[in-house]
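# Commentary on secondary and tertiary structure
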Amino acid sequence: MREDICSIPISEIFEPKDGCPFCRMRDMLEDRMATYITGAAMMEPDVRVETNRLGFCKDHFEMILQRGSRLSVALILESLLMEIGNDIFPDEPKTPLKKVLAAADRRGHSCFVCESLETNMRHLSETVIKLWQNEPEFRELYAAQTHICLPHYSFILSAAQKMPKKNFIPFAAETKRLAKSYLDTVQADTTHFCRMFDYRNKDGDWGNSRDAIERSITYITGRVPSVTTKTEGKNR
């Protein structure tokens, strides 16, 4: 497959063939952004303006706290808290309550990483679609994926609607196969997991069902559950 500045990261994402490739794409972008924010970009005025304006959601606060030093996160918080104070607790007593409440609501639903992630995922999905249409080798690589999770099934099909119809139909069919076949797999494994708690299946073969709960949740949400379930050693 011919590689250029756009296709190199895409090929790296799709080559592992382990889980949903778009989940890997998202995880790669999140990791890079969290590292970037707490690194040199922390002192770049234009980046700081945006992080102060948008803030971070709970998940991405946790991520930057894991990536950066406590000092770097504290410096980010210092200016962010000041900005929040100016927005929600203005010194001007005549500021309309409606404006203050709108600012508070906006703070509760905005995140610098989420917004950047959405933009970059959209750009990379356009590259995926372009490669699938123009590179037979990438088409084979796409088809060789283990599955596509439910959220990213709708994500990539929505992005692919700009394709010419003659390309969209086979792309949609292949994408559906990858999403539907894995649904069938986790559904069967989850059913088998439940049946293993029947006393008649005592000492039976669990097969691939022991982590069926985690895999099903990941398929439905696109995220690995933070709390793993405990598989009972006995059927009771």
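Reading guide: rules and limits
Residues numbered from 1 in each chain as written. Predicted model: local features only at pLDDT ≥ 70, side-chain atom pairs only at ≥ 80, totals over all residues. Heavy atoms only, no water. Patch = residues over 30% accessible without salt bridge, like charges linked within 9 Å, V, L, I, M, F, W, Y side chains within 5 Å. Areas by Shrake-Rupley, 256 points an atom, 1.4 Å probe, with all protein chains shown as cover. Salt bridge = Lys/Arg side-chain N within 4 Å of Asp/Glu carboxyl O. Lys, Arg positive; Asp, Glu negative; His and termini not counted. Charge placed at Lys NZ, Arg CZ, Asp CG, Glu CD. Helix = DSSP H or I, 4+ residues; strand = E, 2+ residues; numbered from the N terminus. Buried < 20%, exposed > 50% of the residue type's maximum accessible area, 1.4 Å probe, protein only. Phe/Tyr/Trp six-rings, centres within 6.5 Å; stacked < 30°, edge-to-face > 60°. Lys NZ or Arg CZ within 6 Å of the ring centre and 35° of its normal. pLDDT = per-residue confidence, 0-100. Contact = heavy atoms within 4.5 Å. Core = buried A, V, L, I, M, F, W, Y, C linked by side-chain atoms within 4.5 Å. Arc of directions from axis to C-beta. Axes fitted to C-alpha atoms, helices over the stretch in contact; angles between N-to-C directions. Nonpolar A, V, L, I, M, F, W, Y, C, P; charged D, E, K, R; others polar.

It is worth spelling out a negative patch on the surface at this point. Residues E12, E15, E137 and E140 make up a contiguous surface patch of negative charge. Tracing the backbone shows E137 in helix α8 (residues 136–143). In this structure E137 comes out as partly exposed when scored by relative accessible area, which is 47%.

So, about the packing of aromatic side chains. What the rule picks out here adds up to 13 aromatic pairs. Considering the side-chain rings of F138 and Y142, the 6.4 Å spacing of their centres and the 55° angle between planes classify their relative orientation as tilted. In this pair, F138 and Y142 both sit in helix α8, four residues apart, roughly one turn of the helix. Neither residue differs from the other here; F138 and Y142 are each classed as buried. Centroid distance Y142 to F171: 5.2 Å. Interplanar angle 40°. Geometry classified as tilted. Pair noted here: Y142 is in helix α8 and F171 is in helix α10 (residues 165–195), with a separation of 29 residues, a long-range link. Looking at F171, the relative accessible area reads 0%, which means it is buried. Through pairs of rings, three or more aromatic residues link up here, namely F14, F22, W132, F138, Y142, F155 and F171. When the ring centre of W132 is taken as reference, the NZ or CZ atom of R139 above it lies at 4.3 Å.

The next thing to look at is the pattern of salt bridges. Following the criterion strictly, the structure yields twelve salt bridges and no others. Ionic pairing is found between E174 and R177, a salt bridge with its closest N-O pair at 2.4 Å. Separated by three residues within a single helix, E174 and R177 lie in helix α10, roughly one turn from each other. Of the charged contacts, one joins D198 and R200 as a salt bridge, the two residues approaching to 2.6 Å between their closest N and O atoms. Under the relative-accessibility criterion, R200 is labelled exposed at 63%.

It is worth spelling out the confidence of the model for the chain at this point. Across the chain, the average pLDDT comes to 90, with 93% of residues at or above 70. Looking across the chain, the model is least confident in helix α1 (residues 7–14), with a mean pLDDT of 81, and most confident in helix α9 (residues 150–160), with 98. Throughout residues 1–6 the model reports pLDDT below 50, and contacts reaching past four residues in sequence, or to other chains, amount to ten contacts.

We now examine the nonpolar core. Counting residues in hydrophobic clusters, the biggest one holds 43 residues, and the most contacted among them are F14, F22, M25, F56, F138 and Y142. Tallying contributions element by element places helix α7 (residues 112–134) first for this core, with nine residues. Those residues within four positions of F14 in sequence are excluded, and the remaining contacts are P21, F22, R24, V128, F138, L141, Y142 and Q145.

Turning to α8, a few remarks are in order. Inspection of α8 places F138, L141 and Y142 among the buried residues, and these make up the whole buried set. Seen along its axis, α8 keeps its buried residues to an arc of 100°; they face one direction. Across α8 from its buried face, at more than 90 degrees, point the exposed residues P136 and E140.

Where helix α5 (residues 70–88) meets helix α6 (residues 97–107), the axes come as close as 8 Å, and the angle between the chain directions of the two elements is 150°. Contacts from L80, E83, I84, D87 and I88 in α5 reach V100, A103, A104, R106 and R107 in α6. Here the residues of the contact of α5 with α6 sort into six nonpolar, no polar and four charged.

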